[in-house]
Amino acid sequence: GDFDLAQKYAEQAIRAYLDGEADFGAMHLHTHLAQIRLMRGDLDGAGEILRSMEAKLGRLPGQAEWLISVARILRAEVAYEANDLEQASLLFRTAFSHVEHKDAWFDILTAAYRVSTRLAFADFGLPGAMEALSHAERIAQERSMPRLLRLMKIERVRALTLSDELRAATRLLGDIELSTDRSQLEESQ
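(A) Molecular detail of the overall build of the protein. Across its full length, the protein carries nine helices and zero strands. In summary, the protein has a C-alpha radius of gyration of 18 Å against a globular reference of 16 Å for 189 residues, a match within 12%. With respect to the principal axes defined by its C-alpha atoms, the protein has extents near 55 × 35 × 30 Å. Out of the 189 residues belonging to the protein, those deemed buried represent 44%. A fraction of 56% describes how many contacts in the protein between residues 6 or more apart in sequence connect residues 24 or more apart. Of note, the protein has its 23 positive side-chain charges centred 1 Å away from the centre of its 30 negative side-chain charges.

Dropping the structure here:
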């Protein structure tokens, strides 16, 4: 939650990699810096970092395709948050399969499934979101990724709430041991 410090460390690490001429390592750290900027609400900054990262990766020798796909998934997330659903969908389609099948990086899979769910909700409403979430939850279970499964259940609560399915959302919150009781929220860690 300390975005100032996280950004400072990410920028220092990128400079250290570049000073050591480890360009690929520096590009990898750009994903973290972009996510920090996204969490801070700096959509333009996050998007610029990811566009720059993708362009530079395209010029590096070797196999950078998987990291380009990572950049595109994160760009899709930024585009979604900027309400550019067409761009988000395009970027998502070009990268999702590669990320899902070749990348078990928790943060990236979370972003990919979140974008998948939210785009499906935008296009097909609650049924589309539920289908995307069922797929994401199945993958999380198959890969033994309990944190990813929990986050997808929270995403399910979001879709249910946006669809005014409040009873189902409240039941699901109880199933994953989250409460809407204000007194519990104020007293809990």
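(B) Just the packing of helix 3 (residues 43–59) against helix 4 (residues 65–81), in detail. Contact pair helix 3 / helix 4: the axes reach a minimum separation of 9 Å and the direction vectors enclose 160°. The orientation of helix 3 relative to helix 4 falls into the category roughly antiparallel. Note that helix 3 runs across helix 4; the crossing there is left-handed. Contacts from Leu43, Ala46, Gly47, Leu50, Arg51, Met53, Glu54, Leu57 and Gly58 in helix 3 reach Leu67, Ile68, Ala71, Arg72, Leu74, Arg75, Val78 and Glu81 in helix 4. In the contact of helix 3 with helix 4, the residues fall into 10 nonpolar, two polar and five charged.

(C) Quick look at helix 2 (residues 23–39). In a regular helix each residue adds 1.5 Å, so 17 residues correspond to 24 Å; helix 2 covers 25 Å between its end C-alpha atoms and thus fits that length. Taken together, the buried positions of helix 2 are occupied by Gly25, Ala26, Met27, Leu29, His30, Thr31, Leu33, Ala34, Gln35, Ile36, Arg37 and Leu38. Elements that come into contact with the buried residues of helix 2 comprise helix 1 (3–19), helix 3, helix 4 and helix 6 (106–142). Glycine 41 sits one or two residues past helix 2 and shows a positive phi near 90°.

(D) Looking closely at the nonpolar core. If you look at the biggest cluster of nonpolar residues, it comprises 57 residues, and the most contacted ones within it are Ile73, Tyr113 and Leu148. With 15 residues, helix 6 is the single largest residue contributor to this core. Once you skip the residues sitting within four places of it in the chain, leucine 148 turns out to touch Phe106, Leu109, Thr110, Tyr113 and Ala140.

(E) Summary view of the packing of aromatic side chains. By the definition in use, this model includes three aromatic pairs. Aromatic side chains phenylalanine 96 and tyrosine 113 sit 5.8 Å apart centroid to centroid with 75° between the ring planes, which places their arrangement in the edge-to-face category. Of this pair, phenylalanine 96 sits in helix 5 (residues 85–102) while tyrosine 113 sits in helix 6; the two residues are 17 residues apart in sequence, bridging distant segments of the chain. Judged by its relative accessible area of 15%, phenylalanine 96 falls in the buried class. Taken together, the ring pairs in this structure connect Phe92, Phe96 and Tyr113 into an aromatic cluster. The ring of phenylalanine 106 is capped by arginine 147, whose NZ or CZ atom sits 3.9 Å from the centre of that ring.

(F) Summary view of the packing of helix 2 against helix 4. Running from N to C, helix 2 and helix 4 cross one another at 15°; their axes reach a closest spacing of 11 Å. The pairing of helix 2 with helix 4 is recorded here as roughly parallel in orientation. Crossing hand, helix 2 versus helix 4: left-handed. Residues Phe24, Met27, His28, Thr31, Gln35 and Leu38 of helix 2 lie in contact with helix 4, whose contacting residues are Trp66, Leu67, Val70, Leu74, Glu77, Val78 and Glu81.

(G) Representation of a nonpolar patch on the surface within the structure. Residues Leu151, Ile154 and Leu178 make up a contiguous nonpolar surface patch of roughly 190 Å² in combined accessible area. As for its placement among the helices and strands, leucine 151 is situated in helix 7 (residues 146–162). For leucine 151, a relative accessible area of 30% translates into the label partly exposed.

(H) Fine view of unusual backbone geometry. The backbone of asparagine 83 shows a phi angle near 65°, a positive value even though the residue is not glycine. Assignment of secondary structure puts asparagine 83 in the loop between helix 4 and helix 5.

Cut-offs used in this document
The numbers attached to residues start from 1 for each chain and follow its sequence in the written order. Local features in this predicted model are restricted to residues whose pLDDT is 70 or higher, and side-chain atom pairs enter the listing and the counts only when it is 80 or higher, whereas totals over whole chains, interfaces and linings include all residues. Excluded from the side-chain calculations are hydrogens and water; all other atoms, namely the structure's heavy atoms, are used. Numbering goes from the N terminus for both helices and strands, where a helix is a DSSP run of H or I of at least four residues and a strand is a run of E of at least two. Radius of gyration: C-alpha atoms only; globule rule: 2.2 Å multiplied by the number of residues to the exponent 0.38. Working definition: with a 1.4 Å probe on protein chains only, accessible area under 20% of the residue-type maximum means buried, over 50% means exposed, and in between means partly exposed. Any two residues having at least one pair of non-hydrogen atoms within 4.5 Å are treated as being in contact. Within this scheme the basic residues Lys and Arg register as positive and the acidic residues Asp and Glu register as negative, but His and the chain ends are omitted. A charged residue contributes its charge at one atom only: NZ of Lys, CZ of Arg, CG of Asp or CD of Glu. Orientation is described by lines fitted to C-alpha atoms, with helices fitted over the stretch in contact, and by angles between N-to-C directions that extend from 0 to 180 degrees. For this classification, under 35 degrees means roughly parallel, over 145 means roughly antiparallel, 65 to 115 means roughly perpendicular, and everything else is oblique. Two helices crossing with the near one rotated counterclockwise from the far one by less than a right angle form a left-handed crossing, whereas a clockwise rotation gives a right-handed crossing. Residues are grouped as follows: nonpolar covers Ala, Val, Leu, Ile, Met, Phe, Trp, Tyr, Cys and Pro; charged covers Asp, Glu, Lys and Arg; every other residue, Gly included, is treated as polar. Any helix carries an expected span of 1.5 Å times its number of residues minus one. Here the nonpolar core consists of buried residues drawn from Ala, Val, Leu, Ile, Met, Phe, Trp, Tyr and Cys, with membership extended through side-chain atoms lying within 4.5 Å. Each Phe, Tyr or Trp ring, with Trp reduced to its six-membered ring, pairs with another whose centre is within 6.5 Å; inter-plane angles below 30 degrees give stacked pairs, above 60 give edge-to-face pairs, and intermediate values give tilted ones. We call a charge positioned over a ring when the NZ of a Lys or the CZ of an Arg lies within 6 Å of the ring centre and within 35 degrees of the ring normal. Each patch is built from residues lacking any salt bridge and having more than 30% relative accessible area; the joining distance is 9 Å for like charges and 5 Å for nonpolar side chains (Val, Leu, Ile, Met, Phe, Trp, Tyr). For every accessible area listed, the method is Shrake-Rupley and the probe measures 1.4 Å; residues are considered covered only by the protein chains on display. Salt bridges are defined by distance alone: a side-chain nitrogen of Lys or Arg within 4 Å of a carboxyl oxygen of Asp or Glu.

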